[in-house]
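Examination of the molecular architecture
The lines below spell out each chain.
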There are 2 protein chains.
Amino acid sequence: MKCTRQLLVLLGTGILFVLPLAAMATEEGTADAAHLDVASTFLWMAVLLIAAKCASLVERAGQPAVLGELVIGVILGNLALLGIGLFEPVKTDIIIRFLSELGVVILLFQIGLESNIRRMFQVGIPALLVAVVGVALPFVLGTYIVGPILLPGLSSNTYLFLGAALTATSVGITARVFQDLGKLQSREAQIVLGAAVIDDVLGLIILAVVSAIAKEGSVDIGGIGLISGKAILFLVGSIAIGQFFAPLLGKSFSKIHAGVGMKFTLAICFGLVLAALAQKIGLAPIVGAFAAGLVLDPVHFRYFKDPKIVRDIREAVQDAPAELQARVSKIIEHHADRHIEEIIEPLGHFLVPIFFVMTGMAVSLETMFDLPVLLVALGITAVAFIGKILAGFAAGRGVNTWLVGWGMVPRGEVGLIFASIGKGLGVISDTVYSVLIIVIIITTLCTPPMLTFLLKRNSKAMG
Amino acid sequence: MKCTRQLLVLLGTGILFVLPLAAMATEEGTADAAHLDVASTFLWMAVLLIAAKCASLVERAGQPAVLGELVIGVILGNLALLGIGLFEPVKTDIIIRFLSELGVVILLFQIGLESNIRRMFQVGIPALLVAVVGVALPFVLGTYIVGPILLPGLSSNTYLFLGAALTATSVGITARVFQDLGKLQSREAQIVLGAAVIDDVLGLIILAVVSAIAKEGSVDIGGIGLISGKAILFLVGSIAIGQFFAPLLGKSFSKIHAGVGMKFTLAICFGLVLAALAQKIGLAPIVGAFAAGLVLDPVHFRYFKDPKIVRDIREAVQDAPAELQARVSKIIEHHADRHIEEIIEPLGHFLVPIFFVMTGMAVSLETMFDLPVLLVALGITAVAFIGKILAGFAAGRGVNTWLVGWGMVPRGEVGLIFASIGKGLGVISDTVYSVLIIVIIITTLCTPPMLTFLLKRNSKAMG
């Protein structure tokens, strides 16, 4: 019986997986002038989504789904090493890349929605400390100690960039782990989220500075001030102005239409606009999306109609015993409160896995094959771990500092951006680039299982 | 008081509308190498979505929201005539175009989900008759009568293409009108949907034939047979095989994960894959998406977990009086049944308006300014109306034939494809192209108000 079931699973997966691939292989190019070749992109999306969902099997091993998505991405992205080049085109498909960017923006918007701005401010001081230590420590260690020791004879600019790349934190991965395991509301998660946002601002400043040094050999204090000012102004401004305008927007737009469609549109546009503005001033779009989610609150949507099921059930139980009414009320109020998160969720299901599979696909395992490079990379990886884990202790007492520290470890796509810019400036050689890629791979892939382990141990200790 | 409110609405709209536009105007190009310039696309999406939602004000005048989306698109797309070129770049933005294509695919997938395959087959004969008459009549009238009379002295190939372009039906617009007014389940709506799908298959065959004639001066019967065979095989095959495999897929994938995410992924991938396959064989992707939606049924997802609110409420009322339990049960069963449609809905809110605003933007009002062209176009438009409205009578007795006929009228993007291909082949001159554009504009923009009128009169007659 069990065997039949597994056969069914295999067969089902096979069909949904092979069908698009077969179609892909028989590219006929029948797309006419007036139509884009949307077919291939649709197929890629389907393949990435199904692959991501199949990879959620890692949950059976107690691991968060995001690890599975990353790993399946690494596998698909490196099939070329086995001579299977089928997945190579997707890496450069501009539309898939856009959808993946949109995915991480949606994710951070969701995380922001689930976070509470007041709780976030409560962790402001520890988050700031964690961010500062988590940036300073890897930067100093990378630039002045392990860089010159492990990679001797390179220019000081290279060490600067190496150090800078080690300061990055990819909040997406950590946030997903906390989300997958239902711990997003913990104080540790809030500290990591806050620290990661501050980290992004600091990272932006560092990137501007080291880029200026690499390009012109010197730093212009005015320029640094300008960038820092803009970044800080954006964050403080978008939260302050958003707090003020969100209720106004909710009220105004509910007058045009008070249905779910308008509610959804208002929320998503708020996220998109802030993400775009963040990128326009040079910050990562995810910072804007997170700020937007943080600002928005169920209360801003109180002028909109409740979801239909809530209205229906409220009506159905209106003459029920008081105790039952209260019980049902609690459920539907909670549901109505979560409604905005719920209507954003399918967008997350649609786009977020694309981001993580694509992040995995960007990992090139080939770099691992060069033993000297690998050894140097392992040394630098150790520093990358130590810097962030020690930063966790800056979170102070009353929280699990290990959790905070490990939460800051993954470099992910942010580290990749640093490395790419350094390579673009000619400061980072192919070897150093490979080293950084390995650091990014290891920090990114080790964090989910480690965080899972720490979270579970923590719950056990608490319970 | 009323005045203050309206001021608030204006202010709110102003902010959400002007902010992104202002950001757009100060393009700084700070996007670095490793990042796409996602910011501009995000802003465009926000602008299009907010514009679409503001246009839903037409509902106050009893018109369907889709008319507002089309009209606001026409306005934004023709601001260049007033010297405001701000919206020109969005027309050629490849990512926005992709999202818009994805939007109409999602729409037809939703329409398919809301339709029932058995009910669809019940209207099979009338739908086939409506489609055949609705293709033959405009084709013959266009090619042999009004073409030669109103546009004398052109080649017979031009008349052929003119006739072919008049056969198209854009199901998206009609489907949205029926959906907006809650009449998607009516027999008339089902006939129009069925006929539009058949129409698309017939249109594909005609397009292939007239293209072959225009290119080579003759038709290859084998080629026509091949195209027709592929198209029919696809439709029949995808429905038959889908009917067989959908339950299997549902069962298999629920074993990997039985949550909402997997349910959503499975459904959407099914739609994407069939849409892609349809395009691969030369049909419109929407035909595949519609077939996919038609095949999928709540029953295929019975192995997945119910939505949380359903489980919670079921638990809360389990020891309530039987009568109350039954009442609540009915609501939550209905909700659980509609759950798959509900989790696709936000995707619709996100992407469908982009399609309709973009369809509106593709309309170039400039062509309207040439009086002789306009007059010819009006004549041909009359034929375009008459051909489809008469086809409605083929639906037979027991239905409102006017509704069916008018439902087939809009040429929309399908007519645009015919015109573009003809232009690409050099068969259709700029003047004839302009004529066709006007025909498309008028048939597309007149249908929503006319259908609304007919539907309301119909309800009144029924009630």
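Now for a look at the structure at hand. (Residues numbered from 1 in each chain as written. Chains lettered and ligands numbered in written order. Predicted model: local features only at pLDDT ≥ 70, side-chain atom pairs only at ≥ 80, totals over all residues. Heavy atoms only, no water.)

**Observations concerning helix α12 (residues 260–280) of chain B**
All names here are of chain B. Quick note on the threshold: A run of H or I in DSSP becomes a helix once it reaches four residues, and a run of E becomes a strand once it reaches two; helices and strands are each numbered from the N terminus. Any helix carries an expected span of 1.5 Å times its number of residues minus one. Burial classification: accessible surface area is computed with a 1.4 Å probe over protein chains only, and a residue below 20% of its type maximum counts as buried, one above 50% as exposed, and the rest as partly exposed.
Compared with the 30 Å implied by 1.5 Å per residue over 21 residues, the 30 Å span of α12 between its first and last C-alpha is a close match. In terms of residue burial, α12 counts as a mostly covered element, since 20 of its 21 residues are buried. Looking one or two residues beyond α12, the residue adopting positive phi is G282, at roughly 100 degrees.

**Observations regarding the packing of α12(B) against helix α13 (residues 285–295) of chain B**
Residue and element names in this part refer to chain B. Here is the rule: To define axes, lines are fitted to C-alpha atoms, for helices over the stretch in contact only, and angles between the resulting N-to-C directions are given on a 0 to 180 degree scale. Two helices crossing with the near one rotated counterclockwise from the far one by less than a right angle form a left-handed crossing, whereas a clockwise rotation gives a right-handed crossing. Contacts between residues were defined by any pair of non-hydrogen atoms, one from each residue, lying within 4.5 Å. Under the convention adopted here, Pro, Cys and the residues Ala, Val, Leu, Ile, Met, Phe, Trp and Tyr are nonpolar, Asp, Glu, Lys and Arg are charged, and Gly plus all remaining residues are polar.
Contact pair α12 / α13: the axes reach a minimum separation of 7 Å and the direction vectors enclose 140 degrees. Handedness of the crossing formed by α12 with α13: right-handed. Across the interface between the two elements, F270, G271, L274, A275, A278 and Q279 from α12 touch P285, G288, A289, A291, A292 and V295 from α13. Its residues assigned to classes, the contact of α12 with α13 shows nine nonpolar, three polar and no charged.

**Things to note about the packing of aromatic side chains**
This is how the line gets drawn: Stacked, tilted and edge-to-face are the three classes applied to pairs of Phe, Tyr and Trp rings, where Trp contributes its six-membered ring and a pair requires centres within 6.5 Å; stacked means planes under 30 degrees apart, edge-to-face means over 60, and tilted covers the rest.
A complete count under the given rule lists 16 aromatic pairs over all chains for this structure. Seen in terms of ring centroids, F264(A) and F350(B) are 6.1 Å apart; in terms of plane orientation they differ by 80 degrees. Their pairing is edge-to-face. A residue pair is termed interchain when its members come from two chains, as with F264(A) in helix α12 (residues 260–280) and F350(B) in helix α16 (residues 339–361). For the pair shown, F264(A) and F350(B) are each scored as buried. When the ring of F244(B) is compared with that of F245(B), the centres are 5.1 Å apart and the planes differ by 80 degrees; the resulting orientation is edge-to-face.

**Quick look at a nonpolar patch on the surface**
All names here are of chain A. Applied cut-off: To count toward a patch, a residue needs a relative accessible area above 30% and no salt bridge. Like charges then connect within 9 Å, nonpolar side chains (Val, Leu, Ile, Met, Phe, Trp, Tyr) within 5 Å. Accessible surface area values rest on a Shrake-Rupley calculation with a 1.4 Å probe, where residue burial reflects the displayed protein chains alone. Salt bridges, as used here, are contacts in which a Lys or Arg side-chain nitrogen is within 4 Å of a carboxyl oxygen on Asp or Glu.
A cluster of nonpolar side chains, namely L81, L82, I84, L86 and F369, defines an oily patch on the protein surface of about 500 Å² accessible area. Among the secondary structure elements, L82 is positioned in the loop between α3 (65–77) and α4 (88–92). L82 sits in the exposed class, given a relative accessible area of 68%.

**Focus: the pattern of salt bridges**
In the structure shown here, the tally under the stated rule is 21 salt bridges over all chains. E342(B) is paired through a salt bridge with R338(B); the nearest N and O atoms lie 3.8 Å apart. Classification of E342(B) as partly exposed rests on a relative accessible area of 27%. One salt-bridge network, held together by shared partners, links R338(A), E341(A), E342(A) and E345(A).

**Here's the deal with the environment of W406(A)**
In this fold, W406(A) is placed in helix α18 (residues 401–407). Once residues lying within four places of it in the same chain are set aside, the contact partners of W406(A) are F385(A), I389(A), C446(A), T447(A), M450(A), L451(A) and L454(A).

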